[in-house]
Amino acid sequence: MNKKEIGREAEKEFQDYLNQHKIPFWYIEQEKESYSQALKQYKVQRPDYCIFIPNLGFILIDVEHNVPLKKYKKFCISDEETQRYNNLEKYFNMKVWFAFSNQEIHYTTWYLIPVSRVMTLRNRYLVKAKSYISTPIDEFIQVSCSENLKKILRNKHLNVQYF
């Protein structure tokens, strides 16, 4: 499989997870024709899913097939992509999260982190030469396939409990 097919597989696995746990969502079409020309001026990126949280609102999720660096126990997150999602948060007051998993673990665990947290860690973990943020795995919220996403709403990065 090529990189695009692997990415799409991760998105499909995440969608299966959402359906299994009856989490309401919209999949966001990624074709160039469906992207607003007006958004280009804001230098934002389009995430993969909009997840609805009853009585609260929604969060946007970018799903990626991402394998952590085993030796360092860190995920490499594109600095440019993080900046573009940060712009989406900044200009439109939308919360964006990354959700990572991979084929090696058969998509049995999802690693989630808010873009705002990655931005906080950026100064310490940015690898300028490679243009990525080497983010420690212990900064992520780990959710197994048997757990509901409510776990992410009770985390230290949000400073609030919804459930």
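Residues numbered from 1 in each chain as written. Predicted model: local features only at pLDDT ≥ 70, side-chain atom pairs only at ≥ 80, totals over all residues. Heavy atoms only, no water.

1. Some points on the side chain of Arg-46
Right, on to step 1. Tracing the chain through its elements places Arg-46 in the loop between β1 (25-27) and β2 (49-53).
Right, on to step 2. For the buried residue Arg-46, which engages in no salt bridge, the nearest side chain bearing the opposite charge is Glu-29, 6.8 Å off.
Right, on to step 3. Polar contacts involving the side chain of Arg-46 include one to the main-chain carbonyl oxygen of Glu-29, which spans 3.0 Å.
Right, on to step 4. Looking at Arg-46, its side chain comes within polar contact range of the main-chain oxygen of Glu-31, at 3.1 Å.
Right, on to step 5. Excluding residues within four positions of it along the chain, Arg-46 makes contact with Ile-28, Glu-29, Gln-30, Glu-31, Lys-32, Ser-34, Tyr-35 and Tyr-85. (Helix = DSSP H or I, 4+ residues; strand = E, 2+ residues; numbered from the N terminus. Buried < 20%, exposed > 50% of the residue type's maximum accessible area, 1.4 Å probe, protein only. Lys, Arg positive; Asp, Glu negative; His and termini not counted. Salt bridge = Lys/Arg side-chain N within 4 Å of Asp/Glu carboxyl O. Polar contact = N/O pair within 3.5 Å; in protein donor to acceptor, adjacent residues only side chain to side chain. Contact = heavy atoms within 4.5 Å.)

2. Here's the deal with the environment of Lys-22
Right, on to step 1. With respect to the helices and strands, Lys-22 occurs in the loop between α1 (3-20) and β1.
Right, on to step 2. Take Lys-22: its relative accessible area is 73%, and that puts it in the exposed class.
Right, on to step 3. Each C-alpha atom of the pair Lys-22 and Ala-129 lies 42 Å from the other, and the pair is 107 residues apart in sequence.

3. Section: the packing of aromatic side chains
Right, on to step 1. Inspection of the entire model under this criterion finds 15 aromatic pairs.
Right, on to step 2. For the ring pair Phe-25 and Tyr-49, a centre distance of 5.6 Å and an interplane angle of 75° mean the geometry is edge-to-face. Remark: Tyr-49 occurs in strand β2 and Phe-25 occurs in strand β1; sequence separation between them is 24 residues.
Right, on to step 3. Residue Tyr-49 is classed as buried on the basis of its relative accessible area, which comes to 0%.
Right, on to step 4. Look at Tyr-27 and Tyr-49: their rings are 5.3 Å apart centre to centre, the planes differ by 65°, and that puts the pair in the edge-to-face class. Residue Tyr-27 is found in strand β1, and its partner Tyr-49 is found in strand β2; the two are separated by 22 residues along the sequence.
Right, on to step 5. For Tyr-27, a relative accessible area of 30% puts it in the partly exposed group.
Right, on to step 6. Through a chain of ring-to-ring contacts, the aromatic side chains of Phe-14, Tyr-17, Phe-25, Tyr-27, Tyr-49, Tyr-107 and Trp-110 assemble into a single cluster.
Right, on to step 7. A cation over a ring is seen here: Arg-8 above Tyr-27, with NZ or CZ 4.9 Å from the ring centre. (Phe/Tyr/Trp six-rings, centres within 6.5 Å; stacked < 30°, edge-to-face > 60°. Lys NZ or Arg CZ within 6 Å of the ring centre and 35° of its normal.)

4. Topic: the pattern of salt bridges
Right, on to step 1. If you walk through the whole model with that rule in mind, you get six salt bridges.
Right, on to step 2. Note that Arg-8 is salt-bridged to Glu-11, the shortest N-O span being 3.1 Å. Placement of the pair is Arg-8 and Glu-11 together in helix α1, with a separation of three residues, close to one helical turn.
Right, on to step 3. Judged by its relative accessible area of 38%, Arg-8 falls in the partly exposed class.
Right, on to step 4. Note that Glu-80 and Arg-84 form a salt bridge whose closest N and O atoms lie 3.3 Å from each other.

5. Regarding the sheet that holds strand β6 (residues 109-114)
Right, on to step 1. If you walk across this open sheet you meet the six strands as β1-β2-β3-β5-β6-β9, and the pairing is mixed. For this open sheet the edge positions go to β1 and β9 (141-144), each flanked by a neighbour on one side alone. Across this sheet, the average inter-strand angle for adjacent strands is 30°, counted without regard to direction.
Right, on to step 2. Contacts from helix α2 (residues 79-92) reach β3 (57-65) and β5 (96-101) within the one sheet, and its direction differs from that of β5 by about 145°. (Pairing = 2+ DSSP bridges. Axes fitted to C-alpha atoms, helices over the stretch in contact; angles between N-to-C directions.)

6. A short note on the packing of α2 against helix α3 (residues 115-125)
Right, on to step 1. Put simply, α2 and α3 touch, their axes get as near as 9 Å, and they point 125° apart. Taken together, the axes of α2 and α3 lie oblique to each other. The two elements α2 and α3 cross, and the hand of that crossing is left-handed. Of α3, the residues touching α2 (which contributes Asp-79, Thr-82, Gln-83, Tyr-85, Asn-86 and Glu-89) are Val-115, Ser-116, Val-118, Met-119 and Arg-122.
Right, on to step 2. Looking at the contact of α2 with α3, its residues break down into four nonpolar, four polar and three charged. (Parallel < 35°, antiparallel > 145°, perpendicular 65-115°, else oblique. Left-handed = near helix turned anticlockwise from the far one by under 90°. Nonpolar A, V, L, I, M, F, W, Y, C, P; charged D, E, K, R; others polar.)

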